[in-house]
Amino acid sequence: MEQNKEHKERNKGGRPKKEATEKLKYRIAVKMATADYYRLLTRAHEAGVSPSEYMRECFRNGHVKERLSEEHAGYIRQLCGMANNLNQIAHKANAGGFHDEKWDCKVAVARIHELLIKIGI
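A brief look at the structure comes next.

Definitions and limits used
- Residues numbered from 1 in each chain as written.
- Predicted model: local features only at pLDDT ≥ 70, side-chain atom pairs only at ≥ 80, totals over all residues.
- Heavy atoms only, no water.
- Helix = DSSP H or I, 4+ residues; strand = E, 2+ residues; numbered from the N terminus.
- Buried < 20%, exposed > 50% of the residue type's maximum accessible area, 1.4 Å probe, protein only.
- Contact = heavy atoms within 4.5 Å.
- Patch = residues over 30% accessible without salt bridge, like charges linked within 9 Å, V, L, I, M, F, W, Y side chains within 5 Å.
- Areas by Shrake-Rupley, 256 points an atom, 1.4 Å probe, with all protein chains shown as cover.
- Salt bridge = Lys/Arg side-chain N within 4 Å of Asp/Glu carboxyl O.
- Core = buried A, V, L, I, M, F, W, Y, C linked by side-chain atoms within 4.5 Å.
- Axes fitted to C-alpha atoms, helices over the stretch in contact; angles between N-to-C directions.
- Parallel < 35°, antiparallel > 145°, perpendicular 65-115°, else oblique.
- Nonpolar A, V, L, I, M, F, W, Y, C, P; charged D, E, K, R; others polar.
- Phe/Tyr/Trp six-rings, centres within 6.5 Å; stacked < 30°, edge-to-face > 60°.
- Lys, Arg positive; Asp, Glu negative; His and termini not counted.
- Charge placed at Lys NZ, Arg CZ, Asp CG, Glu CD.

### Structural notes on the overall build of the protein chain
Assigned secondary structure in the protein chain consists of five helices and zero strands. Beginning at the N terminus, the succession of helices and strands in the protein chain can be written as α-α-α-α-α. Here the protein chain holds 121 residues, and the buried ones make up 15% of them. The contacts in the protein chain between residues at least 6 apart in sequence include a share of 33% that link residues at least 24 apart.

### Regarding a nonpolar patch on the surface
Judged by side-chain polarity, Ile28, Val30, Met32, Tyr37, Tyr38 and Met55 come together as a nonpolar surface patch covering roughly 630 Å² of accessible area. Structurally, Val30 is set in the loop between helix H1 (2-9) and helix H2 (34-47).

### Concerning the nonpolar core
Counting residues in hydrophobic clusters, the biggest one holds five residues: Leu40, Ala44, Ala47, Val49 and Tyr54. Top element by residues in this core is H2. It accounts for three residues. Once residues lying within four places of it in the same chain are set aside, the contact partners of Leu40 are Met32, Pro51, Tyr54 and Met55.

### As for the packing of H2 against helix H3 (residues 51-61)
H3 packs onto H2 with a crossing angle of 90 degrees between their chain directions and a minimal axis gap of 9 Å. Between H2 and H3, the angle is such that the two are roughly perpendicular. Residues Leu40, Leu41, Arg43, Ala44 and Ala47 of H2 form the contact with H3, whose own contacting residues are Pro51, Tyr54 and Met55. Tallied by class, the residues present in the contact of H2 with H3 amount to seven nonpolar, no polar and one charged.

### Some remarks on the packing of aromatic side chains
All told, the structure shown has one aromatic pair when counted by the stated rule. The interplanar angle of 70 degrees and the centroid separation of 5.4 Å between the aromatic rings of Tyr37 and Tyr38 together place this pair among those described as edge-to-face. By relative accessible area, which is 40% here, Tyr37 ends up partly exposed.

### What to know about the pattern of salt bridges
Should the charged atoms of two oppositely charged side chains come close, the side chains can pair. One pass over the full model with this rule turns up five salt bridges. A salt bridge links Arg60 to Glu53, with the nearest nitrogen and oxygen atoms 3.7 Å apart. Its relative accessible area of 49% is what places Arg60 among the partly exposed residues. Residue Arg60 pairs with Glu57 through a salt bridge whose shortest N-O separation is 2.9 Å. Taken together, the residues span about one helical turn, with Arg60 and Glu57 both in helix H3 at a distance of three residues. What emerges from the salt-bridge pattern is a single network uniting Glu53, Arg56, Glu57 and Arg60.

### Section: a positive patch on the surface
On the surface, Arg10, Lys12, Lys17, Lys23 and Lys25 cluster together to form a positively charged patch. You can see Lys17 is positioned in the loop between H1 and H2. Residue Lys17 is classed as exposed on the basis of its relative accessible area, which comes to 80%.

Next comes the structure, spelled out in C-alpha cells:
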C-alpha cells in the first residue's frame, strides 16, 4: 500500500499543467472574405506567429508586435559583443590611463553608431 501512495506522489516529469486562466479552451469561428483571410495569413507570417496568435494579440493590444528579424538579431548580437569590448577597454583605461585606449574607444563608438543606424535607432 505504501509503494502505491509513494508512486502517485512521484514527479513524472513533462510539461507542467497550465493554470485555468492560461488555458485556451474557447473557440470562436469567424467568417472572412477571401481578401481578409489572405491578409490575415500574410500579416501573421510577417509577424512570425500563427494566425490564431496574431488575432489574440490584436484583441489584447490592438496591434501585433513583430518578431525580430534574423538581420536585427545579428545586429543585437554584435552590439552585445561590442559592449563586452567596451567593458574590457574601460578596465584597461582604469588600470593604465585613458590615453592608451583612446583609439580603441573611437573605433568602438564608430562601430556602435554604424549598427544603430542599420537597426534604425
